[in-house]
Each structure stands twice: as C-alpha cells, then as structure tokens.
Amino acid sequence: MSKLLEGKTALILGVANKWSLAYAIAQAFRREGADLILTYQGERQEQSVKQLAADLSVTRVVPCDVSQDAEVDRLAEMLRSEGDPIDAIVHSIAFANREDLSRPFVQTSREGYLLAQNVSSYSLVAVSRAIAPLMSKGGSILTLSYLGAVRVLPNYNVMGVAKAALESAVRYLAYDLGPSNIRVNAISAGPVKTASARGIADFNTILNHVAARSPLRRNTDPAEVADAAVFLASDLGRGVTGNVLYVDSGFQIMGL
Ligand code: IMJ
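Residues numbered from 1 in each chain as written. Predicted model: local features only at pLDDT ≥ 70, side-chain atom pairs only at ≥ 80, totals over all residues. Heavy atoms only, no water.

Participant: Run through helix H1 (residues 21-31), naming residues and quoting values.
Facilitator: Counting buried positions along H1 yields eight of eleven residues, so the element is predominantly enclosed. Among the residues of H1, those classed as buried are Leu 21, Ala 22, Tyr 23, Ala 24, Ile 25, Ala 26, Ala 28 and Phe 29. (Buried < 20%, exposed > 50% of the residue type's maximum accessible area, 1.4 Å probe, protein only. Helix = DSSP H or I, 4+ residues; strand = E, 2+ residues; numbered from the N terminus.)

Next comes the structure, spelled out in structure tokens:
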C-alpha cells in the first residue's frame, strides 16, 4: 500500500522530547511520507528539538511560543514565504501551573485559570486562524485532549476545564473551517507517561487502574495515538470533522 501522507506537509507543535505524543506522531507522519515542520517553545528546548528533528530527517524547526500572537504570526509568515501549502496541523500543547494540578480545583486563581486556557485552549484558535489561509488544498487540524475534559479526574482540575474548552473549540472551528475543506478533530488519549505526567501524584496508580479495567486491559501506546493521527490527517479521514476520537484502550466507555 502506498504511503498515506505522501505529498503532504504537516506542521507539528509540541514536540518536547522523545516521549512526547507529538514526537510519536511526527515519527508516524514521516513513515507515511509527510514533510514536517516542527516548532519548539523557547531556547531551553531548542537543542533537544533540533536533535529530534535531525533524527527524523526534518530540516524545518521553528521557535513558536503559542501564547504570543506575534510568534504565531511570524510562524505563519515564514510558512507563507516558503510557498508550500500546509495540509495538516498537529497541536499537542498544554500548560497549567503545577500547584493548580495538586490543590483543590476550587482554589484555582483567576491568573492560573486564564494561563491554562490561554496556552492549552486558545492557542488552537490562534494557530488555526493564522495557518488556515495556508491550507489552500483543504487540510486537517488535530489537537490532543484527555478524558478529564468530560469527567472529573482527581488533580486534573484546571486542565480539565481547559480541555473542555479545547474540545468545544474543536467543534466551533470545524464549523467555521468546514467550507474550506479543513477538518478539525481531537484525539483523547489514554494516560501516557510523558513529561506532562512527570510529578503528577499517583500517576502509576492511574496507569495500573486503566490497564486493569479498560476493555483492552492495557495502557495506551503513543504509537497507537500516532496511527490514529495519521488516519485523521490522511484522506482516509476525509469525512471526519468536529470529532473527539478516544484512543484509550476503551477506558472511556466504562462505568464501574
Ligand atoms: C495531569 C495532571 C493530573 C492528572 C493527569 C495529568 N493525568 C494525566 C495527565 C491522569 C494523564 C497528563 N495530561 C493529560 C495533561 O494534560 C497534562 C498537562 C499538564 C501537565 C503539567 C505538569 C508540569 C507543569 N504544568 C503542567 N501543565 C499541564 O508544571
């Protein structure tokens, strides 16, 4: 079978290290023949993301702090000047203050709430608005969510509210961009031990719980998330927009 993303160019935001879901997605997109552009946030990540890009034979690596409109605009301008249409965007970015992921949610400050919304939810709107004009052949925008958007998961707190807004933004963006044949979806991944899970209280307990109770009786492998991302970015996903696809060993269907 021919490669699913041959001839397509994808922008991937959120590769931080080799455990990142965005990195697994980048690997799968390369396997399927896509050209990639990776972004990183700040100088602290520059060298490590450039090394990962080299490992993927990706030459285009651009800084972009998605909380800064000017940086999002600069990214779009750079892509526009290269002239290549963009076919896919993968948004795999979230941030909340660490204290807000451990104290009771009711104690969330206005500042902490807005920070989580800004980086984890509004950034999808900002990136979509800036890059959609470059998706001249239509395209696929994908973001990453988590079950905490729709259920209460202890400690997920302000991130759950941000992911709820993110999933709603997926639907409104899908409606707005549908006439341009740009599809917008989320993958809600089961828990994976990435840098985003580091230091989260009882994370191993959560992994063990999912492995014991989910229909597939195991945890989510980043490669499974990545293959679903390939589907959504490819022509195979052409009828799917505004959706949240659970790639979670089936855990989400369980009551008790
Ligand atoms: C995060 C917090 C609490 C429970 C959690 C998570 N579970 C999972 C995560 C069960 C799977 C990871 N996740 C889905 C996230 O969206 C994490 C976001 C995040 C993580 C951190 C840690 C370091 C920090 N800020 C963060 N902001 C967002 O300082």
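Next, the rest of the story.
Participant: I'd like a description of the packing of aromatic side chains, backed by residues and values.
Facilitator: The tally for this structure, following the rule as stated, stands at one aromatic pair. Ring geometry for Tyr 146 against Tyr 156: centres 5.0 Å apart, planes inclined by 70 degrees, an arrangement best described as edge-to-face. Pair noted here: Tyr 146 is in the loop between strand E5 (139-145) and helix H5 (157-177) and Tyr 156 is in the loop between E5 and H5, with a separation of ten residues, a long-range link. Judged by its relative accessible area of 16%, Tyr 146 is buried. Taking relative accessible area as the criterion, Tyr 156 reaches 18% and is therefore assigned buried. (Phe/Tyr/Trp six-rings, centres within 6.5 Å; stacked < 30°, edge-to-face > 60°.)

Participant: Talk me through the sheet that holds strand E7 (residues 244-247); I want residue IDs and the actual numbers.
Facilitator: Ordered in space as E3-E2-E1-E4-E5-E6-E7, the seven strands form an open sheet in which the pairing is parallel. Two strands in the sheet have a free side with no partner beyond their single neighbour: strand E3 (60-63) and E7. Shown here is a sheet whose adjacent strand axes are inclined to one another by a mean of 20 degrees, direction ignored. Sitting on the sheet, helix H2 (residues 43-55) touches strand E2 (35-40) and E3, and the angle it makes with E2 is about 165 degrees. Taken strand by strand, helix H3 (residues 69-82) contacts strand E1 (9-13), E2 and E3, and its axis lies near 155 degrees from that of E3. (Pairing = 2+ DSSP bridges. Axes fitted to C-alpha atoms, helices over the stretch in contact; angles between N-to-C directions. Contact = heavy atoms within 4.5 Å.)

Participant: I'd like to hear about the environment of Leu 232, residue by residue, with values.
Facilitator: Along the chain, Leu 232 turns up in helix H7 (residues 222-233). Linking Leu 232 and Thr 194, residues 38 residues apart in sequence, is a C-alpha distance of 22 Å. In this structure, Leu 232 is in contact with Ser 140, Leu 142, Arg 183, Asn 185, Ile 187, Val 240 and Leu 245, ignoring residues within four places of it in sequence.

Participant: Describe in detail the packing of H1 against H7, supporting the description with residues and values.
Facilitator: Two numbers describe how H1 lies on H7: the axes approach to 8 Å, and their chain directions differ by 55 degrees. Viewed along their axes, H1 and H7 adopt a mutual orientation that is oblique. Here H1 and H7 pass one another in a crossing that is right-handed. Between H1, through Leu 21, Ala 24, Ile 25, Ala 28, Phe 29 and Arg 31, and H7, the contact on the second element is made entirely by Pro 222, Ala 223, Val 225, Ala 226, Asp 227, Ala 229, Val 230 and Ala 233. Of the residues belonging to the contact of H1 with H7, the class tally is twelve nonpolar, no polar and two charged. (Parallel < 35°, antiparallel > 145°, perpendicular 65-115°, else oblique. Left-handed = near helix turned anticlockwise from the far one by under 90°. Nonpolar A, V, L, I, M, F, W, Y, C, P; charged D, E, K, R; others polar.)

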